[in-house]
Amino acid sequence: MSIVRRNGEEKVLHKKMFGGDGEAEMHVILDGEAEMYGKGRVFNRVVLAPGAEVAWHVHHGDGECYYVLKGEGTYSDNGTVITMHPGDMSFVGDGEGHSMKNNGSEDLEMIALILYV
């Protein structure tokens, strides 16, 4: 399989995440299981406007990595709250939970990658 997507050609989704405030703007990098060889289901660049969030959720059968590209966010790692900045990475595994909220004044951009266990 070979894929090339030019800037601006990606699928962009807008979704309220787990009942949180605002919507996440998700720029699809790889589109689901088929493009990830069945090893995962999400590989997106996620944009959260000020005040928007990916609300608390627990992973079952997979784990998720966030990698912050721009802005800063309040991240809950299984209930431990920290501020994340560009270049910071987090990972929660199967059975663990997390959330991310943009409490800043500019957009928060991050990569989200969900892989199966």
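Not measured: the values here are computed from a predicted model.

What counts, and where the lines are drawn
- Residues numbered from 1 in each chain as written.
- Predicted model: local features only at pLDDT ≥ 70, side-chain atom pairs only at ≥ 80, totals over all residues.
- Heavy atoms only, no water.
- Salt bridge = Lys/Arg side-chain N within 4 Å of Asp/Glu carboxyl O.
- Helix = DSSP H or I, 4+ residues; strand = E, 2+ residues; numbered from the N terminus.
- Buried < 20%, exposed > 50% of the residue type's maximum accessible area, 1.4 Å probe, protein only.
- 1 Å grid on protein atoms, 1.4 Å probe; cavity = no way out; pocket = protein on both sides within 12 Å on 5 of 7 lines; lining within 4 Å.
- Points joined across faces, edges and corners; volume = space filled by probe spheres on them.
- Nonpolar A, V, L, I, M, F, W, Y, C, P; charged D, E, K, R; others polar.

(A) Quick look at the pattern of salt bridges. Taken as a whole, this structure holds six salt bridges when the rule is applied. Arg-41 is the partner of Asp-62 in a salt bridge, and the nearest nitrogen-oxygen pair spans 3.1 Å. Of this pair, Asp-62 sits in strand S5 (residues 62–70) while Arg-41 sits in strand S3 (residues 40–48), and the two are 21 residues apart along the sequence. Among the residues examined, Asp-62 registers a relative accessible area of 3% and is labelled buried. On the basis of relative accessibility, which here comes to 39%, the residue Arg-41 falls in the partly exposed class. Lys-70 is paired through a salt bridge with Glu-109; the nearest N and O atoms lie 4.0 Å apart. Taken together, the residues span a long stretch of sequence, with Lys-70 in strand S5 and Glu-109 in strand S10 (residues 108–116) at a distance of 39 residues. Salt bridges sharing common partners tie together Arg-45, Lys-70 and Glu-109.

(B) Main features of the layout of surface pockets. Size it by volume and the largest pocket reaches roughly 390 Å³. Along the walls of the largest pocket sit 27 residues, with Met-17, Met-26, Arg-41, Val-42 and Ile-114 positioned nearest its centre. Ranked by residues supplied to the lining of the largest pocket, first place goes to S3 with five residues. Grouping the constituent residues of the lining of the largest pocket by class yields 16 nonpolar, five polar and six charged.

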